[in-house]
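Understanding the architecture of this molecule
What follows is the residue order along each chain.
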Amino acid sequence: MTAPLTLFEKVWRSHEVVPEAADAPAVLYIDLHLIHEVTSPQAFTALRERGLRLRRPDLTFATMDHSTPTRTEQVFGGAPISVEAAARQVHELERNCEAFGVELLGLRDARRGIVHIIGPELGLTQPGKTVVCGDSHTSTHGALGALAFGIGTTEVGHVFATQCLLQRKPRTLAVNVHGRLSAGVGAKDLILAIIGRIGVGGGTGHVIEYRGETIAGFDMDARMTVCNMSIEAGARAGMIAPDETTYRYLAGRLRAPQGEAWDAALERWRQLPGDPGASFDRELDIDAAALEPMMTYGTNPGMVIPVGGTIPERAGDPVFAKSLAYMGFAPGERIQEHPVNVVFVGSCTNGRLSDLRAAASLLRGRKVANGVHMLVVPGSQQVKREAEAEGLDRIFIEAGAEWRESGCSMCLGMNGDLVPKGHYAVSTSNRNFEGRQGIGARTLLASPLTAAACAVRGRVTDPRELM
Amino acid sequence: MEPIRTLRSRTVVLAASDIDTDQIIPARFLTTTSREGLGEHLFADWRYGPDGAPRADFVLNQPQARGCSILVAGHNFGCGSSREHAPWALTDFGVRAVVSTQIADIFRSNALKNGLLPVIVEPGAHRWLIEHPGAEVTIDLDSSTLRLPGGETVRYPLEPFARYCLMNGVDELGFLLEREAQIAAYEARSAAA
């Protein structure tokens, strides 16, 4: 009898072109290569310099999201993209995809969106696949039971040329989540709490598998939020075993298998969950029932407390002191009631339909507080259409928020959507690093529900106060 | 890629832990389509003041940092994004090795592909290095050791294949391209399944 295997081990083994040896890493086959405008140009250049073809354009899929504008007039109205270098990058992706035969969802394509939103949305991401992209939040796709991880541009070139990567097998970490989340507490709060617990380097060298009844009870959007931020704990990939929720989500999607192929795929996918008794290198247990709405107070996602909590004291830690100085906070201070200047709802972490519904549920019939700039950016054009069909856009606009075209937007300051210097931004994105949302921007990461509550009150607010 | 066998240099120290890739190279510089010239923007928000002038209090702007090719950094260096612009910026600036107690996975993988050596040392040696900026150290690849000025050596783990590639200036793509027959066989097997 063979030893019981985890979900990760099953996907890894089935993609070994050459297994790893003492003196050489494994050659791992890649089923889906997603690319975007920022981390691909130099890889295309490498192909040209070496006179290589792109081996499997049919397994390669391109979109543009990072440096693209979100203002409607710049996307559809012919107004120039405000960041000139970004416009060049977008055009270079168009030229490269044309030259190498890669399918590209261009700036005005109705299916365009953030790469980690559209992969699952189009049914490209499927259980048991290996998925890579030159972006660290590729971990998102693991929510469907794929092995998905971010790669650098040199590796993008490797996949272009060979459809393979050289990889050492990572260790495994099981995060077992039990109990029921209380009202007002969601997937974002859970993953922030996990990162707070293990730290921003705690998952380094590991693939995380999220398990337990709390995870099993999550819809796909929530699962993607959790897997998305695995990298913020240092883990290159996060995975969740596929189940009926996964199959229901995928059924009928544009690029999902259809008819007999669907039945065959389903049979394969049902073999993927870890075998009983399969062991992990490490395990961690989380009590979901004890969690509260969470918010970061510092300059990495591990610096996180409940919204009603107090900033810890770490005497003699100059890095901690520098981080708090950047944020304009002091040890022992509470963040609740702190004034907020900007609220951003969107990103590959929280730019899906259920995230927008959550934010809208608190904004319905309310107004964004005076002086607060709120930006709501759907994760894809499809999310945008679905939100508009439900009237969510009207709720945001009537509350005084801006409603934009899809893209990475304010998550990272490279597309014109910026948080001004010194301003406090409650953001549903994934990184609160210094300068991430703009030079001197002060980011407070939180859930869509919490972000909306903060927008209404103009102060850091526990969403349960408004529910 | 230039082969590396040994590196001998004074160190420059950035003691902060969890230095992320947004600090190494802020996102606004990622709109480039080439890999050259990023050294100018390395640690841009720490290195330059609001007026664009170099900040005298930042270590990389100080005279003793000139010519140093070994960066000693706090725990968990390079966390955050997958941007290879981070090692490109470091190597363009002249850094050839980063020494820490932990280096983030994607940064480490990217570094190796650009002849930037990730060196993980145990906390004792790391503390000594943090406390002695400017120390003249030698990093030897063949023996996987870092020699401190007093002659004491500490070993660091380096995956054998990565060491082979660095010491011989071999790039991984050549190795992968040589596996074409196995890749094609894998594809044939998968298609049949």
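Remember, predicted model here, so these are calculated numbers, not experimental data. (Residues numbered from 1 in each chain as written. Chains lettered and ligands numbered in written order. Predicted model: local features only at pLDDT ≥ 70, side-chain atom pairs only at ≥ 80, totals over all residues. Heavy atoms only, no water.)

**Some words on the environment of Asn61(B)**
All names here are of chain B. Stated formally: Secondary structure elements follow DSSP: runs of H or I no shorter than four residues count as helices, runs of E no shorter than two count as strands, and numbering proceeds from the N terminus. Residues count as neighbours in contact if any of their non-hydrogen atoms are within 4.5 Å of one another. Polar contact criterion, stated in full: a pair of N or O atoms within 3.5 Å, where within protein one must be able to donate a hydrogen and the other to accept it, and residues adjacent in sequence count only if both atoms are side-chain atoms.
Among the secondary structure elements, Asn61 is positioned in the loop between helix H2 (44-47) and strand S2 (70-73). As for Asn61 and Arg47, which are separated by 14 residues in sequence, their C-alpha atoms are 7.0 Å apart. With near-sequence residues (within four places) excluded, Asn61 lies in contact with Arg47, Pro54 and Arg55. Polar side-chain contacts of Asn61 include one of 2.8 Å to the backbone oxygen of Arg47.

**Section: the nonpolar core**
Basically, it comes down to this: By nonpolar core we mean a set of buried residues, namely Ala, Val, Leu, Ile, Met, Phe, Trp, Tyr and Cys, connected to one another through side-chain atoms within 4.5 Å. To sort residues, take the accessible area from a 1.4 Å probe on protein chains only and compare it with the maximum for the residue type: under 20% means buried, over 50% means exposed, and anything in between is partly exposed. Boundaries between domains were set according to an automatic or database domain assignment.
Counting residues in each nonpolar core, the largest one holds 87 residues, and the members touching the most others are Phe396(A), Phe43(B), Phe77(B), Leu90(B) and Phe107(B). Ranked by residues supplied to this core, first place goes to helix H17 (residues 448-457) of chain A with seven residues. Each of domain 1 (7-167) and domain 3 (294-465) of chain A contributes no fewer than three residues to this core. In contact with Phe77(B), other than residues within four places in its own chain, are Ile19(B), Ile24(B), Phe43(B), Leu71(B), Leu90(B), Val98(B), Ser100(B), Gln102(B), Ile103(B), Ala104(B) and Phe107(B). Counting 83 residues, the second largest nonpolar core, distinct from the first, contains Ile195(A), Met220(A), Tyr249(A) and Leu266(A).

**Remarks on the domain arrangement of chain A**
Residue and element names in this part refer to chain A. Selection rule: What counts as buried area is the accessible surface, traced by a 1.4 Å probe, that two parts surrender upon association, with contributions from both included. What makes a salt bridge here is a side-chain nitrogen of Lys or Arg within 4 Å of a carboxyl oxygen of Asp or Glu, nothing more. In the scheme used here, Gly and all other residues not listed as nonpolar or charged are polar, with Ala, Val, Leu, Ile, Met, Phe, Trp, Tyr, Cys and Pro taken as nonpolar and Asp, Glu, Lys and Arg as charged.
By domain assignment, chain A separates into domain 1 (7-167), domain 2 (171-271 + 282-289) and domain 3 (294-465). Here the C-alpha centroids of domain 2 and domain 3 sit 23 Å apart. At the interface, 20 residues of domain 2 touch 26 residues of domain 3. A combined buried area of about 1600 Å² lies between domain 2 and domain 3, and 54% of that area is made up of carbon and sulfur atoms. Remark: the boundary between domain 2 and domain 3 carries one salt bridge. The partner of Arg431 in a salt bridge is Glu232, and the shortest N-O contact between them spans 3.0 Å. Applying the counting criterion to the domain 2 and domain 3 interface returns ten residue pairs in polar contact (both at pLDDT 80 or more). Ranked by residues supplied to the side of domain 2 that touches domain 3, first place goes to helix H7 (residues 187-198) with six residues. Looking at the side of domain 2 that touches domain 3 residue by residue, the classes come out as nine nonpolar, five polar and six charged.

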